[in-house]
Amino acid sequence: MKVLSLLKYLLPAILILALGNHSLQAQNTPSRPNVLVILVDDLGYGDLSSYGAKDLKSPHIDQLLSRGMKFSNFYANCPVCSPTRAALLTGRYQDMVGVPGVIRTHPQNSWGYLAPSAVTLADVFQKAGYHTGMVGKWHLGLESPNIPNERGFEFFQGFLGDMMDDYYHHRRHDVNYMRFNQRVVDPQGHASDLFTDWTCDFLKQQAGAEKPFFLYLAYNAPHTPIQPPEDWLQKVKQREPDIEPKRAKLVALIEHLDAGIGQVIQTLDQTGLSENTLVVFSSDNGGHLEAGAYNGNLRDGKQSMYEGGLKVPTGVVWKGHIKPNTETDFMAMTMDLFPTVCEAAGVKVPEGLESVSILPTLEGKTQAPLRKHWFFRRREGGNRYGGKTIEAVISGDWKLLQNSPFAPLELYNLKADPLETRDLAEKNRKKFNELSTLLRAEIQRYGTVPWQKPLK
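All of these numbers come straight from a predicted model, not from anything done at the bench. Positions within a chain are numbered from 1, following the residues in the order the chain's sequence is written. Restriction of local features to residues with pLDDT of at least 70 applies here, the model being predicted, together with a cutoff of 80 or more for giving and counting side-chain atom pairs; totals for whole chains, interfaces and linings are based on all residues. Side-chain numbers here rest on the full set of heavy atoms in the structure, without hydrogens or water.

Visitor: Mind laying out the overall build of the protein chain, listing which residues take part and the relevant values?
Guide: Within the protein chain one finds 12 helices and 18 strands. Restricting the calculation to C-alpha atoms gives the radius of gyration, and the globule rule supplies 2.2 Å times the number of residues raised to the power 0.38. Taking 23 Å as the expected radius of gyration for a compact globule of 456 residues, we find that the protein chain reaches 22 Å, a close match to that expectation. In terms of its C-alpha atoms, the protein chain occupies a principal-axis envelope of roughly 90 × 55 × 50 Å. Partly exposed residues are those whose accessible area sits between 20% and 50% of the maximum for their type, while under 20% is buried and over 50% is exposed, using a 1.4 Å probe and protein chains only. Of all 456 residues assigned to the protein chain, the portion counted as buried reaches 60%. Residues are treated as being in contact if the distance between any of their heavy atoms lies within 4.5 Å. Sequence-distant contacts, at least 24 apart, represent 66% of the contacts inside the protein chain between residues at least 6 apart. When the accessible surface of the protein chain is totalled, it reaches about 19200 Å², and 53% of it is carbon and sulfur. If you average the places of the 50 positive and of the 49 negative side-chain charges in the protein chain, the two averages end up 3 Å apart. Helix numbers and strand numbers start at the N terminus; a helix is a DSSP run of H or I with at least 4 residues, a strand a run of E with at least 2. Here the accessible surface of atoms and residues is derived via Shrake-Rupley with a 1.4 Å probe, and residues count as covered only by protein chains that are part of the display. Positive residues here are Lys and Arg, negative ones are Asp and Glu, while His and the chain termini are left out of the count. Charge placement uses NZ in Lys and CZ in Arg. For Asp and Glu, CG and CD serve respectively.

Visitor: Please set out helix α5 (residues 191-206) residue by residue, giving values where relevant.
Guide: Here, expected helix span is obtained from the residue count minus one, scaled by 1.5 Å. Helix length check: α5 (16 residues) gives 23 Å between terminal C-alpha atoms against 22 Å at 1.5 Å per residue, within 8%. Among the residues of α5, Ala191, Ser192, Leu194, Phe195, Thr196, Trp198, Thr199, Cys200, Phe202, Leu203 and Gln206 are the ones counted as buried. Against the buried residues of α5 lie β4 (131-137), β5 (155-159), β8 (178-180), β10 (213-218) and α7 (245-271).

Visitor: Can you explain the sheet that holds strand β13 (residues 326-328)? Please cite residues and give values.
Guide: Taken in spatial order, the 10 strands line up as β9-β8-β5-β4-β10-β1-β11-β12-β2-β13 in an open sheet, and their pairing is mixed. Looking at which strands have only one partner, the edges of the open sheet turn out to be β9 (183-184) and β13. Strands were regarded as paired on the criterion that DSSP finds at least two bridges between them. Two elements, strand β2 (residues 69-71) and β13, share 3 bridges in a ladder whose sense is parallel. By the bridge assignment for β13, Phe71 is matched with Thr328. Of the strands in this sheet, β2, β11 (277-283) and β12 (314-317) are in contact with helix α2 (residues 59-66), which crosses β11 at around 125°. The sheet strands contacting α5 are β4, β5, β8 and β10, and the helix crosses β10 at an angle near 175°. Note on definitions: angles span 0 to 180 degrees between N-to-C directions of axes, and those axes are lines fitted to C-alpha atoms, for helices only across the stretch in contact.

Visitor: Can you explain the side chain of Ser304? Please cite residues and give values.
Guide: Along the chain, the position of Ser304 falls in the loop between β11 and α8 (307-310). Here Ser304 falls in the buried class, since its relative accessible area comes to 1%. The residues touching Ser304, leaving out its near neighbours within four places in the chain, are Pro79, Gly309, Leu310 and Asn403.

Visitor: A description of the UniProt feature "domain: Sulfatase N-terminal" (unreviewed entry) in the protein chain should follow, citing residues and the corresponding values.
Guide: UniProt positions are given in the numbering used here, feature names are shortened, and annotations may be inferred rather than shown by experiment. As recorded in UniProt, the sites labelled "domain: Sulfatase N-terminal" (unreviewed entry) are residues 33-347. The span residues 33-347 is 29% helix and 17% strand, and its two end C-alpha atoms sit 11 Å from each other.

Visitor: So, the packing of aromatic side chains: which residues are in play, and what are the values?
Guide: Paired rings are identified among Phe, Tyr and Trp, the last through its six-membered ring, by centres lying within 6.5 Å, and are further divided according to the angle between planes into stacked (under 30 degrees), edge-to-face (over 60) and tilted (the rest). Overall, the coordinates contain 17 aromatic pairs when judged by the stated rule. Measuring from ring centre to ring centre gives 5.6 Å for Tyr75 and Phe376, while their planes differ by 40°; the resulting arrangement is tilted. Residue Tyr75 is located in strand β3 (residues 74-75), and its partner Phe376 is located in strand β15 (residues 373-379); the two are separated by 301 residues in the primary sequence. Here Tyr75 and Phe376 have matching classes, each one buried.

Visitor: Describe the nonpolar core, with residues and values.
Guide: Side-chain atoms within 4.5 Å are what join buried Ala, Val, Leu, Ile, Met, Phe, Trp, Tyr and Cys residues into a set we call a nonpolar core. Core analysis: the largest hydrophobic core is formed by 136 residues, its most contacted members being Phe125, Phe195, Tyr216 and Phe281. All the domain ranges listed were derived from an automatic or database domain assignment. Both domains that furnish three or more residues to this core are identified here as domain 1 (34-367) and domain 2 (374-447). Those residues in contact with Tyr216, other than ones at most four positions away along the chain, are Val37, Leu39, Arg85, Leu88, Leu89, Gly133, Met134, Val135, Lys137 and Phe153.

Visitor: Summarise the confidence of the model for the protein chain; cite the residues concerned and give the values.
Guide: Caution applies to low-pLDDT regions: their predicted coordinates should not be interpreted in detail. Mean pLDDT over the protein chain: 94, with 93% of residues reaching 70 or higher. Counting interchain partners and residues more than four positions distant, the pLDDT-below-50 stretch residues 1-30 has 16 contacts. Per-residue confidence from the predictor is given as pLDDT, running between 0 and 100.

Visitor: Tell me what's going on with the domain arrangement of the protein chain, and back it up with residues and numbers.
Guide: When the domains of the protein chain are assigned, the result is domain 1 (34-367) and domain 2 (374-447). Taken over C-alpha atoms, the centre of domain 1 sits 27 Å from the centre of domain 2. Facing 31 residues of domain 1, the contacting portion of domain 2 comprises 28 residues. In this description, buried area is defined as the sum, over both parts, of the accessible area (probe of 1.4 Å) that is lost when the two are combined. Counting the surface lost from both domain 1 and domain 2, the interface buries some 2400 Å², and carbon and sulfur atoms represent 56% of this.

Visitor: Just give me the short version of unusual backbone geometry, but keep the residues and values in it.
Guide: Residue Pro222 is bonded to the preceding Ala221 through a cis peptide linkage, with omega at 0°. Residue placement: Pro222 occurs in the loop between β10 and α6 (230-239). For the bond running from Thr224 to Pro225, omega is 0°, close enough to zero to count as cis. One can find Pro225 in the loop between β10 and α6. The residue His139 is not glycine, and still its phi comes out positive at about 65°. Position of His139 relative to the elements: it lies in the loop between β4 and β5.

Visitor: So, the pairing of strand β1 (residues 34-40): which residues are in play, and what are the values?
Guide: In regular strands, side chains alternate between the two faces of the sheet. β1 sits mainly inside the fold: 7 of its 7 residues count as buried. What you see with β1 is no split at all: Asn34, Leu36, Ile38 and Val40 on one side and Val35, Val37 and Leu39 on the other are buried throughout. As judged from the 7 bridges shared by β1 and β11, these two strands associate in the parallel manner. Its bridge partner lying in β11, Leu36 is registered against Val279.

Visitor: Give me the lowdown on the sheet that holds strand β17 (residues 398-402), citing residues and values where you can.
Guide: Read from one edge to the other, the open sheet built from 4 strands follows the order β15-β16-β17-β18, with strand pairing classed as antiparallel. With partners counted over all chains shown, the strands left at the sheet margins are β15 and β18 (410-413), one partner each. For this sheet, the mean angle separating the axes of adjacent strands, direction not counted, is 15°. Strand direction decides the pairing type here: strand β16 (residues 389-395) and β17, joined by 5 bridges, are antiparallel. Paired with Glu391 across the two strands is Gln402, which belongs to β17.

Visitor: So, the side chain of Thr267: which residues are in play, and what are the values?
Guide: Residue placement: Thr267 occurs in helix α7. Take Thr267: its relative accessible area is 6%, and that puts it in the buried class. In the analysis that follows, any N or O atom pair within 3.5 Å is treated as a polar contact, provided that within protein one partner can donate a hydrogen and the other can accept it, and provided that, for residues neighboring in sequence, both atoms belong to side chains. Within the local environment of Thr267, its side chain forms a polar contact with the backbone oxygen of Gln263, the two atoms lying 2.9 Å apart. Excluding its chain neighbours within four sequence positions, the residues that come into contact with Thr267 are Cys200, Leu203 and Lys204.

The following block contains the structure:
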């Protein structure tokens, strides 16, 4: 009994020492930082409380962003999923790696094929001696050779497909795309909870490891179907009695996602890994208005070349390198994260990328604009698009866009008209012709890269 009594008092101290040892081990790892890239799916520009949402609580993501630099002028490469993911993982315009549109189960409705020559972030980090892992939604290929374990990720636990038809059953068109590395698995639970748990397990395993890690965490929330756990939905309804039912479901799904990200950050803190881990947070495109998303006062949303489809909440955290509670209106886009994390980690950046590192901005230094012209493009099928493309180019204060392949090009001055309400295409033909010439040349450049699966 005396031994049991003694253990009762000693156990907390033992646990504290063990946790401290984890922290010490993490701090004693090589000076190269770990890298954690968190990408969420269809999160609207205004769908975090730190970005202006009034009916939504996102304390954990807000706290994460407060630890570093928050961007107010960050653009996704594309207003839909696969192309932005391709740009993130290759540091290139998505068309230059064969992914102009969404990759799907059925070939007749699939609009991309990740080029065999494309070099991924996982490739370069693995070559540099990092342990590379991915948890969550892949969406860049459903079969060999375009699966995570064959594109640089030593570890993969997640979903290969474009979306889940049900957050609990994890199927798409009745096909199970859930994988543990290359093995088909059928786990139980809400997808967001699974991805959170798998990430926390990965981080705990990495605490004290000799090699630093690169981890890509891609949640499928808050993509449709808008399916929050019931208790989260009831909590939102009780707190916001006047909220519309559709909006309530999306808010609950985002708040549930926020809690999961909070668990991930808590794990980083408890293991001591946050002392030397660079964390990126972003969304693949703007919020889906039909699902109840809020994109601030920006025009339109997901699938659109207007600002609401392209601007996304984004932040980067790196203790001791990025000043906490800082904000910037410096313009950057998804593909620029590739050379940024490489430069921070001392990893050699492949040649020929269109992306530019934003590390100087993150470190509080003055940085010239990353590029003179910014291009956005997306290919899609169905009657609305017909297999054709929509595109945009931003040059200085001016933006030229075609939001439907069957509609005229539109011209806006974003400085004078950030809500894109006054089309100046007819009034300023000089600027219209200048930007349309640039856009045509870029489209010709993209035409050099195939986006369909090679014929055998």
